[in-house]
Amino acid sequence: MLLAGSLTGFVHDALCGQYRSLANGEWPPYAGETLPEGGIGTHIVRAALAAEGITVEFDYLSWKRGLEIAKRGLLVGAILWVPLPEREADFLFSDPIMNTDFVLLYRQNKPLNSVKQVKGFQFGMANGYSYEKMPELTSLVRESGKPSVVVADDESGIKAVIQERIDLFPIDRQVGRWLLSNMPAPNVPVLVNEPPIRVDQLVVLFPRTSARSKWLQERMNAGLANLRASGQLTNWLQEAAHSP
């Protein structure tokens, strides 16, 4: 991993040649330094740019820090972000890489029959998430009649459901599935409420501070179009959705 102090020089040299460095982070199964192909999201970004003759490297940072460094133009972009309107002033957005389905997890012994019937259910919320940008979720918490319980992260949230410390936990569907597959099977099954309470797109962000961003955005979009046209993108996403 590159150190922050070395990023400026690395990107300057990279822009003169073949290599580009993008901010990435730990978010299995979408991204992770030790995952096969770096995770499905990383794999798609790399393949789309490779189709345009561009080789990329990834700098694994905390998501917040990676976004800030990319915003300053010290990295050529940041992958797997929701294209929120407030980010348009600082970034160009690629076309969508994939969707992220935000669902509620619950225990089989305390079923959630409908999101219209959450009164009395205890929500848990992972520390550091921008839940205020999800009005669908904040409305449900309000309707529950209970203040949410803060947990450290997604894994802690699932464990809190299993341990009956909370009743409902919002999480990306594939992230929840991946985490559960890497835990001992709970005595009481953890289930997913359908349909998702929110569906967002994930894109690559390219900083407006960089003169190369428009070109990279175009290359990224062209590579994604090729992957879609060939059917490869659909195949990869389907495989990822059904893998352990």
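Our subject is the structure listed above.
> So what exactly am I meant to see when it comes to the pairing of strand β5 (residues 98–107) here?
Look at any regular strand and the pattern is simple: side chains alternate between the two faces of the sheet. In terms of burial, β5 is largely enclosed, as 8 of its 10 residues are buried. Summarising the sheet, β5 and strand β9 (residues 190–207) pair through 9 bridges and their orientation is antiparallel. Within β9, the position partnered with R107 by the bridge is V190. Pairing geometry for β5 and strand β8 (residues 169–172), over 4 bridges, is antiparallel. Opposite L105, over in β8, you have F169 as the bridge partner.

> Please explain the layout of surface pockets as it appears in this structure.
A water-sized probe rolled over the atoms picks out the places where empty space is left. Of the volumes computed, that of the largest pocket is approximately 960 Å³. Lining of the largest pocket is provided by 29 residues; of these, W27, W63, W81, Y129 and S130 occupy positions nearest its centre. Those elements that place two or more of their residues in the lining of the largest pocket are α3 (63–71), β3 (77–81), β5, α5 (154–162), α6 (173–181) and β9. Partitioned by chemical class, the residues of the lining of the largest pocket number 15 nonpolar, 4 polar and 10 charged. By volume, the second largest pocket amounts to about 330 Å³. Lining the second largest pocket are 13 residues, and of these P29, P36, G39, I40 and S243 sit closest to its centre. Taken together, the elements giving at least two residues each to the lining of the second largest pocket come down to α2 (40–50) and α8 (232–242). Along the lines of polarity and charge, the residues of the lining of the second largest pocket split into 8 nonpolar, 3 polar and 2 charged.

> Would you explain the nonpolar core in this entry?
Note that soluble globular proteins tend to have their nonpolar side chains buried in a common cluster. Core analysis: the biggest nonpolar cluster contains 60 residues, and L22, I44, V45 and L137 have the highest contact counts within it. In this structure I44 touches I97, M98, L224, L227, L233, W236 and L237, once residues within four positions along its chain are discounted. Residues L67, A78, W81 and L205 belong to the second largest nonpolar core, which totals 13 residues.

> When you look at the pattern of salt bridges in this model, what are you seeing that I'm missing?
Pairs may arise between side chains of opposite charge once their charged atoms sit close together. Per the stated rule, a full pass over the model turns up 11 salt bridges. Of the charged contacts in the structure, one is a salt bridge between R107 and D167, with a shortest N-O distance of 3.3 Å. Separated by 60 residues along the polypeptide, R107 in strand β5 and D167 in the loop between α5 and β8 bring together distant segments of the chain. Here R107 falls in the buried class, since its relative accessible area comes to 4%. Three or more residues are tied together by salt bridges with common partners; here these are R107, K110, E164 and D167.

> Sorry if this is basic, but what is going on with helix α7 (residues 213–230) here?
The α-helix winds at 3.6 residues per turn, so residues separated by three or four positions along the chain end up facing the same way. In this model, α7 (18 residues) spans 26 Å end to end at C-alpha, consistent with the 26 Å of a helix rising 1.5 Å per residue. Along α7, the residues that are buried comprise S213, L216, Q217, M220, N221, G223, L224 and L227. Down the axis, α7 shows its buried residues gathered within 165 degrees of arc, on one side only. Of the residues in α7, the exposed ones pointing more than 90 degrees away from the buried face are A229 and S230. Phi for G231, located one or two positions after α7, is positive at around 85 degrees.

> Hey, could you run me through α5 in this one?
Along α5, the residues classified as buried are D154, G157, I158, A160 and V161. Within α5, the buried residues cover an arc of 160 degrees as seen down the axis, which keeps them to one side. Looking at the packing, one finds that the buried side of α5 touches β5, β6 (124–126), β7 (149–151), β8, α6 and β9. A distance of 3.4 Å separates the backbone nitrogen of E155 from a side-chain oxygen at the start of α5, and that oxygen is part of D153. One or two residues past the end of α5 sits E164, with phi positive at roughly 65 degrees.

Conventions and cut-offs
Residues numbered from 1 in each chain as written. Predicted model: local features only at pLDDT ≥ 70, side-chain atom pairs only at ≥ 80, totals over all residues. Heavy atoms only, no water. Buried < 20%, exposed > 50% of the residue type's maximum accessible area, 1.4 Å probe, protein only. Helix = DSSP H or I, 4+ residues; strand = E, 2+ residues; numbered from the N terminus. Pairing = 2+ DSSP bridges. 1 Å grid on protein atoms, 1.4 Å probe; cavity = no way out; pocket = protein on both sides within 12 Å on 5 of 7 lines; lining within 4 Å. Points joined across faces, edges and corners; volume = space filled by probe spheres on them. Nonpolar A, V, L, I, M, F, W, Y, C, P; charged D, E, K, R; others polar. Core = buried A, V, L, I, M, F, W, Y, C linked by side-chain atoms within 4.5 Å. Contact = heavy atoms within 4.5 Å. Salt bridge = Lys/Arg side-chain N within 4 Å of Asp/Glu carboxyl O. Expected span 1.5 Å × (residues − 1). Arc of directions from axis to C-beta. Polar contact = N/O pair within 3.5 Å; in protein donor to acceptor, adjacent residues only side chain to side chain.

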